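Chain by chain, the residues run as shown.
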Amino acid sequence: VQLQASGGGLVQAGDSLRLACTASSASNDNHATAWFRQSLGKERELVAAISRTGASTYYADSVKGRFTISRDNAKNTVALQMNSLEPEDTAIYYCAARARTWMSYSPRSDAYAYWGQGTLVTVSS
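Quick look at the structure, then. (Residues numbered from 1 in each chain as written. Predicted model: local features only at pLDDT ≥ 70, side-chain atom pairs only at ≥ 80, totals over all residues. Heavy atoms only, no water.)

**Considering the environment of T77**
Now for step 1: The residue T77 is located in strand β8 (residues 77–82) in this model.
Now for step 2: Separated by 53 residues in sequence, T77 and S24 have C-alpha atoms that sit 9.4 Å apart.
Now for step 3: Every residue in contact with T77, bar those within four places of it in the chain, is listed here: A20, C21, T22, S70, R71 and D72. (Helix = DSSP H or I, 4+ residues; strand = E, 2+ residues; numbered from the N terminus. Contact = heavy atoms within 4.5 Å.)

Structural data, given as structure tokens:
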């Protein structure tokens, strides 16, 4: 499974961005997927995650009410809608997917078998 992350950019505080993670899989299977982010000098952190079916989601406290994760299984795409962006949201955002045997997401980065290349989000004040 190859993941392609896109949608990052430079925005001002209060603006919105929509990230997309598209999976290329010969079997067209769906995977529990998460968005992590890593900013300079900090550890990678889980931002949001969604189960294989989309029935269950998770958000870090720092993004609750501002970010929304969703999936379109027909298009093998998981999106992260980011509203009311803050300078603290500046980071490289990575999408990651678990092996298909897992229905749900995990808070641990080592639980994800597949990673995208990352997309940079910069929020200016």
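**So, the side chain of R52**
Now for step 1: Relative to the helices and strands, R52 is located in the loop between β5 (45–50) and β6 (57–59).
Now for step 2: Exposure remark for R52: the relative accessible area of 16% places this residue in the buried category.
Now for step 3: Residues in contact with R52, not counting those within four places in the same chain, are N30, H31, A32, R71, N73, R100, W102 and M103. (Buried < 20%, exposed > 50% of the residue type's maximum accessible area, 1.4 Å probe, protein only.)

**Some words on the nonpolar core**
Now for step 1: Residues W35, F67, I69, L80, M82 and Y93 are the most contacted members of the largest nonpolar core, which totals 26 residues.
Now for step 2: Within the residue set of this core, elements represented by two or more residues are β1 (2–6), β3 (17–24), β5, β7 (67–72), β8, β9 (91–97) and β11 (119–124).
Now for step 3: Listed in part, the seven residues of the second largest apolar core include A34, F36, Y105 and Y112. (Core = buried A, V, L, I, M, F, W, Y, C linked by side-chain atoms within 4.5 Å.)

**Digging into the sheet that holds β3**
Now for step 1: Ordered in space as β1-β3-β8-β7, the four strands form an open sheet in which the pairing is antiparallel. Because the sheet does not close on itself, it has two edges, and the strands there are β1 and β7. Adjacent strand axes in the sheet meet at a mean angle of 15° when their direction is disregarded.
Now for step 2: Note that β7 and β8 share six bridges and pair antiparallel. Counterpart to F67 in the pairing with β8 is M82. (Pairing = 2+ DSSP bridges. Axes fitted to C-alpha atoms, helices over the stretch in contact; angles between N-to-C directions.)

**Some words on the packing of aromatic side chains**
Now for step 1: Counted by the stated rule, this structure contains four aromatic pairs.
Now for step 2: Note on Y58 and Y105: the rings are 6.3 Å apart at their centroids and 45° apart in plane angle, and the pair reads as tilted. Taken together, the residues span a long stretch of sequence, with Y58 in strand β6 and Y105 in the loop between β9 and β10 (114–115) at a distance of 47 residues.
Now for step 3: Ring geometry for Y112 against W115: centres 6.4 Å apart, planes inclined by 70°, an arrangement best described as edge-to-face.
Now for step 4: Overall, Y112 belongs to the buried group, its relative accessible area being 5%.
Now for step 5: Above the face of the Y94 ring, R44 is positioned so that its terminal group lies 4.2 Å from the ring centre. (Phe/Tyr/Trp six-rings, centres within 6.5 Å; stacked < 30°, edge-to-face > 60°. Lys NZ or Arg CZ within 6 Å of the ring centre and 35° of its normal.)

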